Amino acid sequence: MLRNKQSSLSQSRTKRPKVGIVGLTSCEGCQFSLLDLGNRFFSLLKYVEIVEFRLMEERVFTTPKMDICFVEGSAVTQANEKKVKEIRKRSKILVVLGNCAALGGIHQIKNHHDKDKLAQETYFHSQAMDNPEIKRMSELVKVDYTIPGCPVNSLEFLRLLYSLLKGADFYIPPKPVCFECQARGYKCVLMEGQPCLGPVILGGCEAVCLKSAMPCQGCRGYFAGAQADNHFKHLRALGHSADEINHLLEIYGLRDSTLILKKDPSRNGSG
Ligand code: SF4
Ligand code: SF4
Ligand code: SF4
């Protein structure tokens, strides 16, 4: 869901809207992709006041209220959950930035496995660890907009921000990755038998993975109206096992939102 609610921001001529960009637990790749905009990012400062963005300046909150807050990352601890709820209270518009925040990212893989055992295998001192189930941001707080991807397409960030400043609506057309893949003349890896999720995943990434002949793993989530179950049947017909498809769907938090494929009785894989 990219547009949970139509929100607009009335921009005063004398006062720039206050914008925050904050991270929970993440690799910070989405935040870095905003800095990759270079001058186009810094040109925004004519129109908005960045009141919080740790990658630019580390400082303690001085501004209790924000007009727009972009939130990257997953809430992997109770402290993270508390932080996002507090951010929600301080923000008129809350925008989810990237797959970790939108769908739980790689953090939510543990939801499909024995999360305590995984913690024991990963950390030396795991007993005292805060190890909650990973939730989508929209399960924790009200989300106004979502910019999908891992990382996000920074041009969508710009488009959203300028739309809000103008009071215009923002949405991403519900077209699949296949649309951009074929428009660019990339070879179809699905036709070669690879488990590509492109037919059911929201386009807007310019099919960047297919440029390198990597199948789409779905970081942008499903587009509205995607016939995911039909696509999984097709993947099964191509010889991909239910376990293989489930593991693929786990990578970017897609497994919960769709048909839970039954495990292959012949296999004992987890999940
Ligand atoms: S969505 Fe991807 S790039 Fe963005 S913070 Fe999560 S792992 Fe990093
Ligand atoms: S490679 Fe994937 S994204 Fe490209 S056309 Fe084939 S199924 Fe669609
Ligand atoms: S091709 Fe798929 S996995 Fe790759 S960036 Fe696009 S949506 Fe994400």
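This structure is a prediction, so every number in the text was calculated from the model and none was measured.

1. A few points about the site of ligand 2
Then step 1. The immediate surroundings of ligand 2 are formed by 14 residues, with Cys178, Cys181, Cys188, Cys196 and Gly198 found nearest.
Then step 2. It is helix H8 (residues 177-183) that provides the largest number of residues to the shell around ligand 2, a total of four residues.
Then step 3. For the shell around ligand 2, the per-class residue count stands at 12 nonpolar, two polar and no charged.

2. Remarks on the nonpolar core
Then step 1. By size, the foremost hydrophobic cluster in this structure holds 63 residues, and its most contacted members are Val71, Val95, Val96 and Leu97.
Then step 2. Inspection of this core shows a minimum of three residues originating in each of domain 1 (18-166) and domain 2 (177-251).

3. Brief notes about the site of ligand 3
Then step 1. In the vicinity of ligand 3, the contacting residues are Val177, Ile201, Cys205, Ala207, Val208, Cys209, Leu210, Cys216, Gln217, Gly218, Cys219 and Arg220.
Then step 2. At three residues, the largest contribution of residues to the shell around ligand 3 is made by helix H9 (residues 208-211).
Then step 3. Across the shell around ligand 3, the residue classes tally to nine nonpolar, two polar and one charged.

4. Some points on the confidence of the model for the chain
Then step 1. Mean pLDDT for the chain: 88, with 87% of residues reaching 70 or above.
Then step 2. The low-confidence segment residues 259-271, where pLDDT is below 50, has 22 contacts with residues more than four positions distant or belonging to other chains.

5. With respect to the sheet that holds strand S4 (residues 91-97)
Then step 1. In space, the five strands of this open sheet follow the order S2-S1-S3-S4-S5, with parallel pairing throughout. On the outer flanks of this sheet lie strand S2 (49-53) and strand S5 (145-147), each paired with one strand and no other. Across the sheet, the mean angle from the axis of one strand to that of its neighbour is 20°, orientation sign disregarded.
Then step 2. The pairing of strand S3 (residues 66-72) with S4 spans six bridges and is classified as parallel. Its bridge partner lying in S4, phenylalanine 70 is registered against valine 95.
Then step 3. Those strands touched by helix H3 (residues 78-90) are strand S1 (18-23), S3 and S4, and its axis lies near 135° from that of S4.
Then step 4. The strands touched by helix H7 (residues 154-166) within the sheet are S3, S4 and S5, with S5 carrying the most contacts at an inclination of about 155°.

6. Some words on helix H10 (residues 228-237)
Because each turn of an α-helix spans 3.6 residues, side chains separated by three or four positions end up pointing in the same direction.
Then step 1. Along H10, the residues that are buried comprise His231, Phe232 and Leu235. With its buried residues spanning 100° around the axis, H10 presents them on a single face. Projecting away from the buried face of H10 at angles above 90 degrees are the exposed residues Asp229, Asn230 and Ala237.
Then step 2. Just past H10, the residue glycine 239 takes up positive phi, approximately 105°.

7. A closer look at unusual backbone geometry
Then step 1. Looking along the chain, the bond that leaves cysteine 150 and enters proline 151 is cis, with omega of -5°.
Then step 2. Of note, proline 151 is situated in the loop between S5 and H7.
Then step 3. Positioned with a positive phi, glutamate 206 is a non-glycine residue whose angle comes to about 65°.
Then step 4. With respect to the helices and strands, glutamate 206 occurs in the loop between H8 and H9.
Then step 5. Although it is not a glycine, alanine 213 adopts a positive phi angle of roughly 60°.
Then step 6. Mapping alanine 213 onto the fold places it in the loop between H9 and H10.
Then step 7. On the basis of neighbour counts, which here come to 12 C-beta atoms within 10 Å, the residue alanine 213 falls in the exposed class.

8. Some remarks on the environment of leucine 161
Then step 1. Within the secondary structure layout, leucine 161 lies in helix H7.
Then step 2. For the pair leucine 161 and isoleucine 68, spaced 93 residues apart in sequence, the C-alpha to C-alpha distance is 8.8 Å.

9. Structural notes on the environment of serine 138
Then step 1. Residue placement: serine 138 occurs in helix H6 (residues 137-140).
Then step 2. According to the C-beta neighbour criterion, serine 138 is partly exposed, with 16 such atoms within 10 Å.
Then step 3. Between the alpha carbons of serine 138 and valine 96 there is a distance of 8.7 Å; along the sequence they are 42 residues apart.

10. Observations regarding helix H11 (residues 242-251)
Then step 1. Every buried residue of H11 is listed here: Ile245, Asn246, Leu248, Leu249 and Glu250.
Then step 2. In this fold, the buried residues of H11 make contact with H10.
Then step 3. Trailing H11 by a residue or two, glycine 253 shows a phi angle of about 75°, which is positive.

11. Side note on the pairing of S3
Then step 1. Among the seven residues of S3, seven are classified as buried, and the element is accordingly described as predominantly covered.
Then step 2. With five bridges connecting them, S1 and S3 associate as parallel partners. Directly across from valine 22, in S3, lies its bridge partner valine 71.
Then step 3. In this fold, S3 hands off to H3, which returns the chain to S4; that crossover is right-handed.

Quick notes on the rules
- Residues numbered from 1 in each chain as written.
- Chains lettered and ligands numbered in written order.
- Predicted model: local features only at pLDDT ≥ 70, side-chain atom pairs only at ≥ 80, totals over all residues.
- Near = placed C-beta within 6 Å.
- Helix = DSSP H or I, 4+ residues; strand = E, 2+ residues; numbered from the N terminus.
- Nonpolar A, V, L, I, M, F, W, Y, C, P; charged D, E, K, R; others polar.
- Core = buried A, V, L, I, M, F, W, Y, C linked by C-beta atoms within 7 Å.
- Buried ≥ 20, exposed ≤ 12 C-beta atoms within 10 Å, placed from the backbone.
- Domains from an automatic or database assignment.
- pLDDT = per-residue confidence, 0-100.
- Contact = placed C-beta atoms within 7 Å.
- Pairing = 2+ DSSP bridges.
- Axes fitted to C-alpha atoms, helices over the stretch in contact; angles between N-to-C directions.
- Arc of directions from axis to C-beta.
- Right-handed = clockwise from strand over helix to strand, strands pointing away.

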